[in-house]
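Below, each chain spelled out in residue letters.
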Protein chains: 2
Amino acid sequence: MDDVAAHAGVSRALVSLVMRDSPRVSDHSRKKVLASANELGYRPNAWARNLASGQTNTIGVMLNDLHNPYFTELAEGVAATAAENGMEVLITSGWQRESGEHAAIDTLLNLRTDGIVIGAARFSGEVFDEVAQQLPAVAVANFQRPDSMDTVCNDEAHGAELVVEHLTSLGHDRIAHIDAGNAPGAPERRRGFMSAMSERGLAPIVFEGDFNEHAGRDAAEQLMRLKQPPTAIFAANDLSATGVLAHLRSIDARVPEDVAVVGYDDTLLAGLGTLSLTTVHQPRQLFGQRATELLLERIKGRTAAKHELIQPRLVVRSSTGPAPT
Amino acid sequence: MDDVAAHAGVSRALVSLVMRDSPRVSDHSRKKVLASANELGYRPNAWARNLASGQTNTIGVMLNDLHNPYFTELAEGVAATAAENGMEVLITSGWQRESGEHAAIDTLLNLRTDGIVIGAARFSGEVFDEVAQQLPAVAVANFQRPDSMDTVCNDEAHGAELVVEHLTSLGHDRIAHIDAGNAPGAPERRRGFMSAMSERGLAPIVFEGDFNEHAGRDAAEQLMRLKQPPTAIFAANDLSATGVLAHLRSIDARVPEDVAVVGYDDTLLAGLGTLSLTTVHQPRQLFGQRATELLLERIKGRTAAKHELIQPRLVVRSSTGPAPT
DNA sequence: CAGAAAATGTAGAGCGCTCTATACACGCGC
DNA sequence: GCGCGTGTATAGAGCGCTCTACATTTTCTG
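Rules of the game
- Residues numbered from 1 in each chain as written.
- Chains lettered and ligands numbered in written order.
- Predicted model: local features only at pLDDT ≥ 70, side-chain atom pairs only at ≥ 80, totals over all residues.
- Heavy atoms only, no water.
- Helix = DSSP H or I, 4+ residues; strand = E, 2+ residues; numbered from the N terminus.
- Rg over C-alpha atoms; globule rule 2.2 N^0.38 Å.
- Contact = heavy atoms within 4.5 Å.
- Areas by Shrake-Rupley, 256 points an atom, 1.4 Å probe, with all protein chains shown as cover.
- Lys, Arg positive; Asp, Glu negative; His and termini not counted.
- Charge placed at Lys NZ, Arg CZ, Asp CG, Glu CD.
- Patch = residues over 30% accessible without salt bridge, like charges linked within 9 Å, V, L, I, M, F, W, Y side chains within 5 Å.
- Salt bridge = Lys/Arg side-chain N within 4 Å of Asp/Glu carboxyl O.
- Polar contact = N/O pair within 3.5 Å; in protein donor to acceptor, adjacent residues only side chain to side chain.
- Near = heavy atom within 4 Å.
- Nonpolar A, V, L, I, M, F, W, Y, C, P; charged D, E, K, R; others polar.
- Least-squares fit on C-alpha atoms with pLDDT ≥ 70 in both.

Engineer: Would you mind showing me how to read the overall build of chain A here?
Structural biologist: On a plain count of helices and strands, chain A comes out with 13 helices and 12 strands. For chain A, the C-alpha radius of gyration of 26 Å lies well beyond 20 Å, the compact-globule estimate for 325 residues. Taking the principal axes of the C-alpha coordinates as reference, chain A spans close to 90 × 40 × 30 Å. Contacts in chain A between residues far apart in sequence, at least 24 positions, make up 67% of those at least 6 positions apart. Put simply, chain A shows about 13,800 Å² of open surface, and 48% of that area lies on carbon and sulfur atoms. Averaging the locations of the 30 positively and 41 negatively charged side chains of chain A gives two centres separated by 5 Å.

See the structure below:
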């Protein structure tokens, strides 16, 4: 910076003002400085800048798992909203290990970004509290709702209810749900399914499963061996639904004529022509947007915790149809 | 840091040594300082540390697109190798826009991370040169091979050759390739296919396509309307192959008895029981590992550019079988 | 055309750390 | 008792920037 100042024949302070786009600089000086900077290949040092200014203009995003589209779309929403507000985004990932998550959050805390978005749920409540105590933070898709930070969640239960509503309106009454045990989000989906069914006076059939294809296939096999097999199967997620479809195809059951199948998440899979799966869509980018907005409020000084619930919507494709009569 | 020093009754320099795990500190002092730091909730400020030390102990990873598993697995490989070497990883994404890529790389350059891994290919050669001039850098999956930085590429052509070899060994001789125009990697796959075919004295059939399901379906439709339809179809990637499968199913052609189908990339899709696609697997984590290793060499002072080619391997599943006689 | 207000530029004290040089204490051999 | 090496601790000068307070110049106003 000193070199640029000398080259342009001005003070270091002026160069600093130019680099920060201050309006307090005349056009003439600005051009002169910019030209010198360009000529010398000068680029402000972020570490020095942030140290001196005490702020980073950066939002840290800590993701549990980069492979999961859920989190990457969340990050995309954060990035878009951050960009609108002139902030940058730095991402760290826990690579699916809890130790990794701790390292990732530590990196961000050491960096003292202006705020942190946490897209992961493996931490215990105390960790959330500890993080929140150090920096403005908001957790996404975390069902613990720590009161020390804001949260943004999808209304899983409502998604399940939408499915039940859709299927019953098509005349289905023997509806089975293949769940995913205690995996994140699964208990909420199960509860939503069960209460939506009982509200309609229907007996909820729940089979144990998981968030993968194999589990879907196994559960479907058991379900179709029942004396009265269900006319509709609501799988834990799209992948699990894929397993269900595979089994149904193997026993020559027609979809949706004999059995209707519903997934959850609206992943790439669901949209494939071969599967064309009715599923529940979550506006995942919106999660990132709301999270960032809440974070910006926090950065500006709000302290009371806010908890938001985002509503999913049903995407009807050709894996569901009227119940067989 | 001053507070911790005062609390522990030592100098600031000693606290600094303790925080950096220096061996030059007695056990007694170390414990005392650590206890004080813990009590006061002290956490070293990364900005100040990096500014003063002139190094960041951090590798920056710039990805074109976080949604693409290709890049996220690359990043995972980088993270793993970086961790082994005691370095941290910070990720920025270009969100599929060129302007985004520039912002992402600028963030990293301003941060002056110890090195940069670039997992994106939209830049012009000059941008690569400019980046390489400022920081040690390595580009992955970039087919331009700028001589200013190291590169790690997958040997796409070889992957295509593996496919041809597999199919011809099964007796296929009318093999069609659905390509993906000039999308990254596609020209290399096409060239590999064509040369492998001609080497074996076979006429390469190439149809225009893209890296998506729709293109695969359209091309398959045209291919199967030929007077002599191919007995094997090698799609541009798994997604495109999914489209091929969908069309074949719609015209009741059996896979692999009537037509063999091969994808590329070995994504989640290929492994699904319903599709069970023979495909080409790329060791994507290995890319990240090699990239990081090259980068560490650069950081240590190597200046001559290295270009590595990583070999893919064929994963045979049930979408390929002996050619119909 | 004086005087105030606005516009523009500058000096210099930090920001929170690292790192070189140096100090001090201790035990060793001669 | 001296010099020496070894193990620990410290002082203090930066790292490259920002920001407050102030200086200087230009413009506006009656």
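Here the narrative resumes, following the displayed structure.
Engineer: How should a negative patch on the surface be read in this particular structure?
Structural biologist: A cluster of like negative charges, contributed by A:Glu126, A:Asp129, A:Glu130 and A:Asp147, occupies part of the molecular surface. Following the sequence through the fold, A:Asp129 ends up in helix H7 (residues 125-134).

Engineer: How should the side chain of B:His281 be read in this particular structure?
Structural biologist: Residues and elements named next belong to chain B. With respect to the helices and strands, the residue His281 is situated in strand S10 (residues 279-281). Among the polar contacts made by the side chain of His281, one reaches the side chain of Asp266 at a distance of 2.8 Å. Beyond its immediate sequence surroundings of up to four residues, His281 is in contact with Asp266, Pro312, Arg313 and Val315.

Engineer: I tried to follow the protein's contact with DNA strand C on my own but got confused; where do I start?
Structural biologist: Taken together, the neighbourhood of DNA strand C is formed by 25 residues, with A:Arg24, A:Ser29, B:Ser16, B:Arg20 and B:Tyr42 sitting nearest. A:Arg24 has a polar side-chain atom sitting 2.3 Å from a base oxygen of DNA strand C. Counting residues per element, the ones that place at least two in the surface near DNA strand C are helix H2 (12-19) and helix H4 (46-53) of chain A together with helix H2 (12-19) and helix H4 (46-53) of chain B. Along the lines of polarity and charge, the residues of the surface near DNA strand C split into 13 nonpolar, 6 polar and 6 charged.

Engineer: Would you explain the relation of the copies chain B and chain A in this entry?
Structural biologist: Superposition of the two copies of the chain requires a rotation about an axis together with a shift along that axis. Laying chain B over chain A is done by rotating through 180° and shifting 0.1 Å along the axis; what remains is an RMSD of 0.1 Å. Taken together, the rotation and translation relating the two chain copies correspond to the operation of a two-fold axis. A shared interface surface links the copies, since 100% of the contact residues of chain B are contact residues in chain A too.

Engineer: Explanation requested: the protein's contact with DNA strand D in the structure shown.
Structural biologist: In the region of DNA strand D, 25 residues are neighbours, and A:Ser16, A:Arg20, A:Tyr42, B:Arg24 and B:Ser29 sit closest. Near-protein atoms of DNA strand D (within 4 Å) split between backbone and bases, with sugar and phosphate holding 62%. Between DNA strand D and A:Arg12, the relevant distance is 2.8 Å, taken from a base oxygen to a side-chain nitrogen or oxygen of the residue. Contacts to DNA strand D include B:Arg12, whose side-chain N or O atom sits 3.3 Å from a base nitrogen.

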